[in-house]
Amino acid sequence: MTAGQVLTNVDAGIYQLASIGNYIWDDKNGIGIQEPTESGINGVPVLLKNAAGTTVQTAVTTTNGATVAFFLLVIINLLI
């Protein structure tokens, strides 16, 4: 292979883990960006579900709206 070449007919079993979520806050102005006057919300249950609607992982927000852990995604067809 040369630099920039893409090979699409080989499955080497390599994948990259990703994460979603980790913070819930009161977005008072609805712009989707947390501002200094918008604080986190504690005690919010966070559910990660698959495409069938089955809960596959849970967390609850803690200090200032942070979740206990990130979700590592290796499941396909998630509903977020």
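In the block above lies the structure referred to throughout.
Not measured: the values here are computed from a predicted model.

Caption draft 1: How the structure looks around the overall build of the protein chain. Of the regular secondary structure elements, the protein chain holds zero helices and five strands. Going residue by residue from the N terminus, the α and β elements of the protein chain occur as β-β-β-β-β. Considering the protein chain as a whole, with its 80 residues, one finds that 15% of them fall into the buried category. Considering only residue pairs separated by 6 or more positions, the protein chain has 37% of its internal contacts joining residues 24 or more positions apart. Accessible surface computed for the protein chain: about 6100 Å², of which carbon and sulfur atoms make up 57%.

Caption draft 2: Up close: the pairing of strand 2 (residues 45–50). The alternating pattern of strand 2 places Val46, Leu48 and Asn50 on a buried face, while none of Pro45, Leu47 and Lys49, on the opposite face, is buried. In this structure, strand 2 lies alongside strand 3 (residues 55–60), joined through five bridges in antiparallel fashion. Following the sheet pairing, Leu47 is matched in strand 3 by Thr58. Hairpin connection, strand 2 to strand 3: the antiparallel pair is bridged by four residues, and Gly53 has positive phi, about 90 degrees.

Caption draft 3: The environment of Gly43, seen in detail. Relative to the helices and strands, Gly43 resides in the loop between strand 1 (18–20) and strand 2. Residues in contact with Gly43, not counting those within four places in the same chain, are Val60 and Thr61.

Caption draft 4: Structural context of a nonpolar patch on the surface. Among the surface-exposed residues, Met1, Leu7 and Val10 lie close enough to one another that they form a single nonpolar patch of about 340 Å² accessible area. Residue position: Val10 is located in the segment before strand 1.

Caption draft 5: Examining the environment of Val44 more closely. Tracing the backbone through its elements, the reader meets Val44 in the loop between strand 1 and strand 2. When the C-alpha positions of Val44 and Val60 are compared, they lie 5.4 Å apart, and in sequence the two are 16 residues distant. Excluding residues within four positions of it along the chain, Val44 makes contact with Ile24, Ala59, Val60 and Thr61.

Caption draft 6: Examining the side chain of Thr61 more closely. Mapped onto the secondary structure, Thr61 falls in the loop between strand 3 and strand 4 (71–73). A distance of 2.8 Å separates a polar side-chain atom of Thr61 from the backbone oxygen of Ile41.

Scoring rules and cut-offs
Residues numbered from 1 in each chain as written. Predicted model: local features only at pLDDT ≥ 70, side-chain atom pairs only at ≥ 80, totals over all residues. Heavy atoms only, no water. Helix = DSSP H or I, 4+ residues; strand = E, 2+ residues; numbered from the N terminus. Buried < 20%, exposed > 50% of the residue type's maximum accessible area, 1.4 Å probe, protein only. Contact = heavy atoms within 4.5 Å. Areas by Shrake-Rupley, 256 points an atom, 1.4 Å probe, with all protein chains shown as cover. Pairing = 2+ DSSP bridges. Patch = residues over 30% accessible without salt bridge, like charges linked within 9 Å, V, L, I, M, F, W, Y side chains within 5 Å. Salt bridge = Lys/Arg side-chain N within 4 Å of Asp/Glu carboxyl O. Polar contact = N/O pair within 3.5 Å; in protein donor to acceptor, adjacent residues only side chain to side chain.

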